Amino acid sequence: MIKQADQRNLTMVMDLYELTMANGYYNDGDMETRVAFDVFYRRNPDRGGFTIFAGLEQIVEYVENLHFSDEDIAYLRSLDTFTDTFLSYLKEFHFQGDIYAFPEGTIMYPNEPVITVVAPLIDAQLVETAILTQINHQSLVATKTARIVRAAEGKTVSDFGARRAHNMDAAVYGARASYIGGAAGTATVLAGQMFGIPVSGTMAHSWVMYYEDEFEAFRNYAVNYPDNTVLLVDTYDTIQSGIPNAVRVAHEVLEPMGKRLKGIRIDSGDLAYQSSKVRKMLDAEGLTDCKIIVSNSLDEHTISSLNIQRACIDGYGVGERLITGATSDYSDDTLALLGAVYKIAAVEEKGVFVPRIKISGTVEKITNPGLKKVYRIYDQNGKAKADLIAKADEQIDMSGEFRFVDPQMPWRNLKFTNCTAKPLQVKVFENGKRIYELPTLEEIRSYVKRQLGEEIWEEEQRFNNPHVHYMDMTPDYYDLKMSLLHEKGKAAN
């Protein structure tokens, strides 16, 4: 299987400030100080109730192949910004830290550490951009796809978005993310080659327009692909021309060969009306097994509308709004963002990690300090009741009642009863060496499906006003955060 790192060195996918800070730390002799950084995000895209964690495999590839080539060093030297001793250090650089992460495909929620990097200061600083770019992109697309698949109510959803992706990498890794989110396949051939995703595709309007008439175009396609003939019927007139010619090909070309017309695709117009009309026309000709596939700027909201209108559709090819995560609510374009961030949480001092906290006038930008663990709390029926943040060294015992704090309403006396706790992070790297076996893409995809089908509440999966997943804290962790807030608040005054 082709991997990202097999083709190019992506080490320099980083912001300049990561290197300027690293240069400063090196010159000050701080390169061995160990720190902890957390990766988290502040709100779900599309005002949704959850997000799917995707992109870990590419993060692992990046970290394992992180090295500065002679060309990289020469370019950095040309910037006239870095000391020669620092550039010599980079020439021999390899990541030496620990990385903890949720397993790829885990359903995640705002303000919990999805990835934690515990590493020497420079090591932790240099991986920031690469980690964020993978998570922000693939998690957004995987989540958008899951919403679209949910709207499709069991009908096939395929990724048709490559031509509308933000670049070629976005097309390929977006296809990977869409498969994690539940898409049946992709039209992007390189994604099929790299990841083993099923690929599909038939013809464009240009095929039909090239020939003298539509029937000739359809006939030639059927002769070339008799076992999988799907005809694009809306080039000229779906009802008056496209379907009659498709029916003619089915009877005159395919049936004499012992083949059936597999499907037709509609890419424009009133999809609800046309699909219903086309279904009747096909059925009247004995083509009851011919599938109707539609495309054209679809997303979860348009698909839900088609369902309400009882459209006769068997599958959806979804393009730009899947591959870019775009929303149909253009009143707020920030909805089509994930916005994961990378914030320092602790610094090692005399062998002990001392918590750090960022305070902001915007409450949601106040960070959760210190080394910590995240647990998913399940009720007796296996439903995810809440997530719980604890200090890293706390013992979580759910054998009896377990008291916790809701940070939004800390005055309430709350307890978990008859629940179980599952730690969410696994150790991926130890001292720069990967110790975690990455799951296959099929395993990640199945993991997502199982969580959404069995563990995550239906109320959290609503498109409008979803239930907000509880993000709770142990009393000890809540007290730690409050004490730091008070301490730093006094210092600021």
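Because the structure is predicted, anything quoted here is derived from the model rather than measured. (Residues numbered from 1 in each chain as written. Predicted model: local features only at pLDDT ≥ 70, side-chain atom pairs only at ≥ 80, totals over all residues. Heavy atoms only, no water.)

Thoughts on the pattern of salt bridges
Here's step 1: A full pass over the atoms with the stated rule returns 29 salt bridges.
Here's step 2: The salt bridge partner of Asp283 is Arg279, with a shortest N-O separation of 3.1 Å. Residue Asp283 and its partner Arg279 are both found in helix 13 (residues 271–284); the two are separated by 4 residues, about one turn of the helix.
Here's step 3: Looking at Arg279, the relative accessible area reads 13%, which means it is buried.
Here's step 4: For Asp387, the salt bridge identified is with Arg376, shortest N-O distance 2.8 Å. Note that Asp387 is positioned in strand 15 (residues 384–391) and Arg376 in strand 14 (residues 372–378), a separation of 11 residues in sequence.
Here's step 5: Classification of Arg376 as buried rests on a relative accessible area of 1%.
Here's step 6: By sharing partners, the salt bridges in this structure join Arg34, Asp98, Lys427 and Glu430 into a single network. (Salt bridge = Lys/Arg side-chain N within 4 Å of Asp/Glu carboxyl O. Helix = DSSP H or I, 4+ residues; strand = E, 2+ residues; numbered from the N terminus. Buried < 20%, exposed > 50% of the residue type's maximum accessible area, 1.4 Å probe, protein only.)

A word on the packing of aromatic side chains
Here's step 1: This model, assessed by the stated rule, comprises 14 aromatic pairs.
Here's step 2: An angle of 40 degrees between the planes, with centres 5.9 Å apart, marks the rings of Phe82 and Phe86 as tilted.
Here's step 3: The exposure class of Phe82 is buried, given its relative accessible area of 9%.
Here's step 4: Taking the centre distance of 4.8 Å and the plane angle of 45 degrees together, the rings of Tyr221 and Tyr225 count as tilted.
Here's step 5: On the basis of relative accessibility, which here comes to 4%, the residue Tyr221 falls in the buried class.
Here's step 6: The class of Tyr225 is partly exposed, set by a relative accessible area of 45%.
Here's step 7: Through successive ring pairs, a cluster of aromatic residues spans Tyr26, Phe68, Phe82, Phe86, Tyr89 and Phe93.
Here's step 8: Here the guanidinium or amino end of Arg176 rests over the ring plane of Phe195, the centre of that ring lying 5.8 Å away.
Here's step 9: For the cation-ring pair, Arg248 lies above Phe215, with the distance from its terminal atom to the ring centre recorded as 3.7 Å. (Phe/Tyr/Trp six-rings, centres within 6.5 Å; stacked < 30°, edge-to-face > 60°. Lys NZ or Arg CZ within 6 Å of the ring centre and 35° of its normal.)

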